[in-house]
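As a plain string of letters, each chain reads:
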Amino acid sequence: MSYFDFIGKIQYEGAKTKNPFAFKFYNPDQKVLGKTMRQHLPFSMAWWHNLCGEGGDIFGNSTINKSFGAKKGTMEHSFSKVDAGFEFMQKLGIDYFCFHDVDLIPEIANFAENNRRLDEISDYILKKMQETGIKCLWGTANMFSNPRFMNGAGSSNSADVYCCAAAQIKKALDLTVKLGGKGYVFWGGREGYDTLLNTDIKFELDNIAYLMKMSVEYGRSIGFNGDFYIEPKPKEPMKHQYDFDAATAIGFLRNYGLDKDFKLNIEANHATLAGHSFQHELRTAAINGMLGSIDINQGDLLLGWDTDEFPANVYESTLCMYEVLRVGELSGGLNFDAKTRRSSNTLEDMVEAYILGMDTFALGLINAAKLIEDGRIDDFAEKRYSSFSEGIGLRIREKDVKLQELADYAQRLNLVDSPSSGKQESLESIVNAILFG
Ligand code: XUL
Ligand code: CO
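Conventions we followed
Residues numbered from 1 in each chain as written. Chains lettered and ligands numbered in written order. Predicted model: local features only at pLDDT ≥ 70, side-chain atom pairs only at ≥ 80, totals over all residues. Heavy atoms only, no water. Core = buried A, V, L, I, M, F, W, Y, C linked by side-chain atoms within 4.5 Å. Buried < 20%, exposed > 50% of the residue type's maximum accessible area, 1.4 Å probe, protein only. Helix = DSSP H or I, 4+ residues; strand = E, 2+ residues; numbered from the N terminus. Donors = N, O, S within 2.8 Å, 3.2 Å for Na, K, Ca; no water. Tetrahedral: all angles 85-135°; square planar, octahedral: opposite > 155°, others 65-115°. Axes fitted to C-alpha atoms, helices over the stretch in contact; angles between N-to-C directions. Parallel < 35°, antiparallel > 145°, perpendicular 65-115°, else oblique. Left-handed = near helix turned anticlockwise from the far one by under 90°. Contact = heavy atoms within 4.5 Å. Nonpolar A, V, L, I, M, F, W, Y, C, P; charged D, E, K, R; others polar. Near = heavy atom within 4 Å. Polar contact = N/O pair within 3.5 Å; in protein donor to acceptor, adjacent residues only side chain to side chain. Phe/Tyr/Trp six-rings, centres within 6.5 Å; stacked < 30°, edge-to-face > 60°. Pairing = 2+ DSSP bridges.

Undergrad: Whenever I open this one, the nonpolar core confuses me. Can you help?
TA: Membership of the largest hydrophobic core comes to 113 residues, with the highest contact counts inside it found for Trp47 and Phe97. In terms of residue count, helix H12 (residues 347-374) provides more of this core than any other element does, 12 residues in total.

Written as structure tokens, this is what we have:
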């Protein structure tokens, strides 16, 4: 049974092709800086958006039919989603997928039965993985949709809800290990607050950290040796979320001694919601040794919420891949946490959306490699600090001075010149010339 019979395996045909079902820039075997595009770009399909998301929003119902020939809410539907998902990934040449527990099955109010269903479906997914070579990037537990999580999961005021969260994490870790996932994600959708009038921040943070600590202990005990990730997001659904941005999440992890087991999963649209650029969040994670994985998507700066659009902005994907290349290699991958627009409601749209996203990142990779090979941008940033390479500057760099000595030194200076120009416009012009020249 084929769900995407209008396409075969998507091929690279180059930018001049008029074929909508062909890659224009993503050429998996093409080498960039010594590695193939496929190695540089470990793309992942998000199970929830691609196989479950049907375009509903708070003003209207579904516009996209993802029944895949089965009755919704049945295990048969879950199985057909597996078939459709694997056919999709194979045809697009996507090597990884990410999932939440509840993406995989119709969830009911009975843990034992949900777990049985998860065992059944994951047996089938595992079989498909063995047949196709497709791998699991990361797993996670959805601890935000069910009404019991209305006050949070690890941050809930209810100890019973806290235990339900623990039960879901335990099972999601079992599944992640079973499917050989490289990582395990905590996205704290409802770990935050709407008003401080009813909230004890300190107690909630302690509880979240303890839940994470127990999760690490359990994960390690069942052989999970991948990375745990926090995925920062400042708001939505809560007014304030504790994993506000990369710097906040890193502070939290260090504060609670979780930084050895955790890295960050940075998402483009979450960065801009926090008032940062995507590049800022990636750099902040990277300089702390915590850039683990990336949810690649794109927001709309005119809107104040998470639109999870497929990435089309090549300047942004270039700066993202520039950060990734500087790190070397991600322990995780590039997960399309993205959905087609509500009015892009056909299966053809799904395919074209992934082609767009993969091409955008192929261009980003090619451009980032050009920036690095050209060297002018890196050189400038390095030379900008050259006053710290000799004399008093070198001694500051080597942490070999006292404040008094610096004050004496400053007094001997006849005049304090402005430091050298930052040359932003010049650098932006160089970037344009390298990208479009
Ligand atoms: C929500 C979001 C999630 C996480 C996984 O904004 O990004 O889909 O990626 O729970
Ligand atoms: Co995400």
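Undergrad: When you look at the coordination of the cobalt ion (ligand 2) in this model, what are you seeing that I'm missing?
TA: Ideal geometry at a metal centre: 109.5 degrees between donors when four sit tetrahedrally, and 90 or 180 degrees when six sit octahedrally. Glu231 (OE), Glu267 (OE), Asp295 (OD) and Asp337 (OD) make up the full set of protein donors to the cobalt ion (ligand 2), lying at 1.9 to 2.1 Å. Coordination at the cobalt ion (ligand 2) is octahedral, judged from the six donor atoms that bind it and the angles of 79 to 173 degrees they form at the metal. Between consecutive donors of the cobalt ion (ligand 2), the numbers of intervening residues give the motif E-x35-E-x27-D-x41-D. Of the two residues, Glu231 is situated in the loop between strand E10 (227-230) and strand E11 (240-241) and Asp295 in strand E13 (residues 291-295); the sequence distance between them amounts to 64 residues. Just as Glu231 is buried, Asp295 falls in that class too.

Undergrad: I'm lost on the packing of H12 against helix H16 (residues 424-436) in this one. Help?
TA: In a pair of packed helices, the angle between the axes and the distance between the axes together describe the arrangement. Remark: H12 packs on H16, axes separated minimally by 9 Å, with the N-to-C direction vectors making an angle of 120 degrees. Judged on the interaxial angle alone, H16 and H12 are oblique. Pair H12 / H16 crosses with right-handed handedness. Here Asn367, Lys370, Leu371 and Asp374 of H12 come into contact with H16, specifically with Val431, Ile434 and Leu435. Looking at side-chain class alone, the contact of H12 with H16 contains four nonpolar, one polar and two charged residues.

Undergrad: Any chance you could explain the site of ligand 1 here in plain terms?
TA: As a structural note, the neighbourhood of ligand 1 is formed by Trp48, His100, Trp138, Phe144, Trp187, Glu231, Lys233, Glu267, His270, Asp295, Asp306 and Asp337. Within the side chain of Asp295, an N or O atom sits 3.0 Å from an oxygen atom of ligand 1. Along the lines of polarity and charge, the residues of the shell around ligand 1 split into four nonpolar, two polar and six charged.

Undergrad: Would you mind showing me how to read the packing of aromatic side chains here?
TA: Geometry of an aromatic ring pair is reported as the spacing of the ring centres plus the angle between the planes. Within this structure, the stated rule accounts for 25 aromatic pairs. On the basis of an interplanar angle of 35 degrees and a centroid distance of 5.7 Å, the ring pair of Trp48 and Trp138 is categorised as tilted. Of this pair, Trp48 sits in helix H2 (residues 47-52) while Trp138 is found in strand E7 (residues 135-140), placing the two residues 90 residues apart along the sequence. This pair shows no difference in class: Trp48 is buried, exactly as Trp138 is.

Undergrad: What is the right way to look at unusual backbone geometry in this model?
TA: Residues apart from glycine generally show negative phi values, whereas peptide bonds are mostly found in trans. Each neighbour pair has its own omega, and for Glu236 with Pro237 the value is 10 degrees, a cis peptide bond. Looking at the secondary structure, you find Pro237 in the loop between E10 and E11. Phi at Phe68 is positive, roughly 45 degrees, even though this residue is not glycine. Tracing the sequence through the fold places Phe68 in the loop between H2 and helix H3 (75-92). In this structure, Glu236 is a non-glycine residue whose phi angle is positive, near 75 degrees.

Undergrad: Is there a simple way to think about the pairing of strand E5 (residues 43-46) in this case?
TA: If a strand is regular, its side chains alternate between the two faces of the sheet. Neither face of E5 is left uncovered, since the one carrying Phe43 and Met45 and the one carrying Ser44 and Ala46 both have all their residues buried. When E5 meets strand E14 (residues 334-336), the two strands line up parallel, connected through three bridges. Looking at the pairing, Met45 lines up with Phe336 of E14. Across three bridges, E5 lies against strand E6 (residues 96-100) in parallel orientation. The residue of E6 that forms the bridge with Ala46 is Cys98.

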